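What the coordinates show
Letter by letter, the chains look like this.
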Amino acid sequence: MTKHIFVTGGVVSSIGKGLTSASIGMLLEARGLRVRMQKLDPYINVDPGTMSPYQHGEVYVLDDGSETDLDLGHYERFTSGKLTRDSNYTTGQIYLRVIEKERRGQFLGKTVQVIPHITNEIKEAIHRMADSDTDIVITEIGGTVGDIESLPFLEAIRQFRQDVGRDNCLFIHLTLVPYLKTAAEIKTKPTQHSVGLLRQIGIQPDMLICRCEQHISREEREKIALFCNVDLEAVIEEIDKDFSIYEVPLSLRDHKLDEFVMKRFHLTGQPLKLDAWDNLMFALRNPKHEISIAVVGKYAEHKDAYKSIYESLDHAGIHHQAQIRIARIQSADIEEEGPERILAGYDGILIPGGFGERGVEGKVQAIRYAREREIPFFGICLGMQCAAIEFGRNVVGLERAHSTEFDKDTPSPVICLLDEQKQVTNMGGTMRLGAQPCSLQPDSIASKAYQENTVSERHRHRYEFNNVYRSQFEAHGMQFSGLSPDGGLVEILELPSHPFFLAVQFHPEFKSKPTKCHPLFGAFVGAAIQRRTGRNQRNASAKPSESTTNPPPVITP
Ligand code: GLN
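Only a predicted model underlies this, so the values are computations on that prediction, with no experimental measurement involved. (Residues numbered from 1 in each chain as written. Predicted model: local features only at pLDDT ≥ 70, side-chain atom pairs only at ≥ 80, totals over all residues. Heavy atoms only, no water.)

1. Re the overall build of the protein chain
Under the convention used in this document: Put simply, DSSP marks the helices as runs of H or I at least four residues long and the strands as runs of E at least two long, and each gets a number from the N terminus on. C-alpha atoms define the radius of gyration, and 2.2 Å times the number of residues to the power 0.38 defines the globule rule. The buried label applies to any residue whose accessible area, calculated with a 1.4 Å probe on protein chains only, is under 20% of its type's maximum; exposed applies above 50%, and partly exposed to all values in between. Residue contacts are counted whenever heavy atoms from the two residues lie within 4.5 Å of one another.
Looking only at helices and strands, the protein chain features 19 helices and 23 strands. Computed over C-alpha atoms, the radius of gyration of the protein chain comes to 25 Å, within 12% of the 24 Å expected from 2.2 N^0.38 for 557 residues, which places it in the range of a compact globule. The dimensions of the protein chain, computed from C-alpha atoms along their principal axes, are 70 × 65 × 45 Å. Across the 557 residues that make up the protein chain, the buried fraction comes to 57%. Partitioning the intrachain contacts of the protein chain with sequence separation of at least 6 by distance along the chain shows that 73% fall at a separation of at least 24.

2. Concerning the pairing of strand β11 (residues 235-239)
Under the convention used in this document: Pairing between strands is defined by DSSP: at least two bridges between the two strands are required.
The buried fraction of β11 amounts to four of the five residues, a majority that puts the element mostly inside the structure. Where strand β10 (residues 207-212) and β11 come together, five bridges link them in parallel fashion. Of the residues in β11, the one forming a bridge with L208 is V235.

3. Some remarks on the nonpolar core
The nonpolar side chains of a soluble globular protein tend to be buried, and buried together. As a reminder of what qualifies: Throughout this description, the term nonpolar core refers to a set of buried Ala, Val, Leu, Ile, Met, Phe, Trp, Tyr and Cys residues connected via side-chain atoms within 4.5 Å.
Within the largest apolar cluster, 57 residues are counted, with the highest numbers of intra-cluster contacts made by I5, I24, L28, I138 and L257. The element best represented in this core is helix α1 (residues 17-29), accounting for six residues. Among all residues touching L257, those that are not within four sequence positions of it are I24, L27, M207, I209, I236 and L252. A388, L398, A401 and F473 belong to the second largest nonpolar core, which has 42 residues in total.

4. Here's the deal with the site of the ligand
Spelled out, the test is: Any residue with at least one heavy atom within 4 Å of a molecule or strand is counted as near it. Two N or O atoms count as a polar contact when they lie within 3.5 Å, although within protein this holds only if one can serve as hydrogen donor and the other as acceptor, and sequence-adjacent residues are included solely when both atoms are side-chain atoms. Residue burial considers only the protein chains on display, and all accessible areas are found by Shrake-Rupley using a 1.4 Å probe. In this classification, Asp, Glu, Lys and Arg are treated as charged, Ala, Val, Leu, Ile, Met, Phe, Trp, Tyr, Cys and Pro as nonpolar, and every other residue, Gly included, as polar.
Within the structure, the ligand sits among G353, G354, F355, C381, L382, Q385, E405, R460, H461, R462, Y463 and H507. The separation between an oxygen atom of the ligand and a polar main-chain atom of G354 is 2.8 Å. Here the ligand loses 99% of its free accessible area of 290 Å² to cover by the protein chains. Counting only elements with at least two residues in the shell around the ligand, the list comes to α16 (382-396) and β19 (454-461). Considering only residue class, the shell around the ligand consists of four nonpolar, five polar and three charged.

5. Quick word on α1
Filter applied, for reference: Expected span of a helix, by definition, is 1.5 Å for each gap between consecutive residues, and there is one gap fewer than residues.
In a regular helix each residue adds 1.5 Å, so 13 residues correspond to 18 Å; α1 covers 18 Å between its end C-alpha atoms and thus fits that length. If you check which residues of α1 are buried, you get K17, G18, L19, T20, S21, A22, S23, I24, G25, M26, L27 and L28.

6. Here we look at a nonpolar patch on the surface
Quick note on the threshold: Exposure above 30% relative accessible area and the absence of a salt bridge qualify a residue for a patch, where like charges join within 9 Å and nonpolar side chains (Val, Leu, Ile, Met, Phe, Trp, Tyr) within 5 Å. Salt bridge, as used here, is a side-chain nitrogen of Lys or Arg placed within 4 Å of a carboxyl oxygen of Asp or Glu.
A grouping of Y95, I99, V114 and I115 is seen on the molecular surface, where their side chains present a nonpolar patch of about 330 Å² in accessible area. Listed by contribution, the elements that provide at least two residues to the nonpolar patch are α4 (91-103) and α5 (114-127). Mapping Y95 onto the fold places it in helix α4. Owing to a relative accessible area of 32%, Y95 belongs among the partly exposed residues under this scheme.

7. Side note on the pattern of salt bridges
Enumeration over the complete set of coordinates arrives at 40 salt bridges. Salt-bridge contacts for K422 lead to D419; the nearest nitrogen and oxygen are separated by 2.7 Å. On the basis of relative accessibility, which here comes to 59%, the residue D419 falls in the exposed class. A network of salt bridges, in which partner residues are shared, links K39, D41, D69, D71 and E140.

8. Points about the packing of aromatic side chains
Selection rule: Aromatic pairs are defined between Phe, Tyr and Trp rings, using the six-membered ring for Trp, whenever the two ring centres lie within 6.5 Å; interplanar angles under 30 degrees are classed as stacked, those over 60 as edge-to-face, and all others as tilted.
This model, assessed by the stated rule, comprises 15 aromatic pairs. A centroid spacing of 5.9 Å and a plane angle of 40° characterise the contact between F78 and Y246, whose relative ring orientation is tilted. Of this pair, F78 sits in helix α3 (residues 71-78) while Y246 is found in the loop between β11 and α9 (248-254), placing the two residues 168 residues apart along the sequence. Given a relative accessible area of 4%, F78 falls into the buried group. Judged by centre distance (5.1 Å) and plane angle (55°), the rings of F78 and W277 are tilted. One end of the pair, F78, is in helix α3; the other, W277, is in helix α11 (residues 275-285), and 199 residues separate them in sequence.

9. Thoughts on the environment of P376
For P376, the position within the fold is in the loop between α15 (360-372) and β15 (377-380). Along the primary structure P376 and R161 are separated by 215 residues, whereas in three dimensions their C-alpha atoms are 53 Å apart.

10. Focus: the pairing of strand β22 (residues 490-494)
Of all five residues in β22, five are buried, a share of seventy percent or more. As judged from the three bridges shared by strand β21 (residues 479-483) and β22, these two strands associate in the antiparallel manner. Bridging from a neighbouring strand, Q479 pairs with E494 of β22. The antiparallel pairing of β21 with β22 creates a hairpin that spans six residues between the two strands, and G487 there sits at a positive phi of about 80°. Sheet analysis places β22 next to strand β23 (residues 501-504), joined by three bridges and oriented antiparallel. Paired with E494 across the strands is L502, a residue of β23.

Written out as structure tokens, the structure is:
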């Protein structure tokens, strides 16, 4: 029978439940178990697709086209169990399902209530994850214990344990154990209170993972165990990781988390196998190169807005044993100060996806700068559309080339609305979403990177390259190296005359893993390393006065 682990969070929000849940999943997979991950989010939006990145960070897209919480990105990067629409439910989705049932008359004659109707719907969502191919389902409950919003989810998992039996469920509570500088000691009271809140609603945690800045002594752990009614071996510290998030599973392993879970569920599994993870930590700790990449976006100041992109760059760095310094640059700043002032010295420029007009001209200027100075360039979704706009204006000679998303009346609509989008009026879940096949042209940068003829990548867009302009662009040296199998949609464009200029309509960042970087990120970072190595060699042989620009200061997200 499938076992269930529930992860809740206490004391403060942003405590890192997503990363911790993913790390638990990763460790259990490394013990040979088949794990599936799920997140239940207490907000009322049906999915995060209509929320601004300021509110919610990036929207993570799955193969099946569902728009989900960014924690699902951690899950996919750390574990291999398939994620689907069932892997992320919000309060909004749960209520929508119940209200639709009510409208269909499924509860005829009854009063529809939070208990049992909403809680039953939540329990069904958890049950949907358990099948004969799954040993463990890990369900993370969003929000913080004590919030009004998450109460129905907590009540549902309390009932769930009653339904399936104590031996088949494990409650893990992630809490904060702060260090008070003035008293020079760590404080366990917030954890005690948070567990007290959980107990009030009938949930006794089996394990506490304590986020902390300072090591928690055995005496302090004994105190937490005693007051919170938890086994001493199940009070685990998770000290802040300054170096890398990839240390988290290793630290949980050092505190024998997997052993506790296996014992508690009476499972044997295999001994821990973490070779691939150990190798990636070695590459991270022993970089042979150092490069800097500028990510030019609308929401650059928000560290979670392009989360998967930053992580994919790191994965490519691990692959090449290179340390990557990422500068998050506001595209609107380029409009004010010009690309030379802001972009000089970087080894590569990446433009991520986005919506809305703000900062678009800054992106176009950044792309022109990368194209003309032969700096490796990687455009993603809106980044590709801006590359088409830039090339249209400055190479093909279509002075007012634009996307109809930003200028409805442009005389040269090089980017226009997808046909399938013309009738769409609802905003939620209506874009071209999820996995789509793409055929690659032989001898292109793309096919060399992928080493495949056809690939599948995830999409999230409404606009596309306007085919009316294809031959004109080709005549000026652009290659459309990736197309939908029927040839109707441009998925990848590149410039064969440039050291590395490649842009894609899809989101490769959703398919990159720390142990296996995405081929296009790998190729882009490889080109940036080549450029840096060339410049270093030129610098070394040049007289001091002739040396090229020093690398700029960078901000690592
Ligand atoms: N706004 C563009 C579109 O809808 C690009 C979307 C994106 O970058 N994800 O097509």
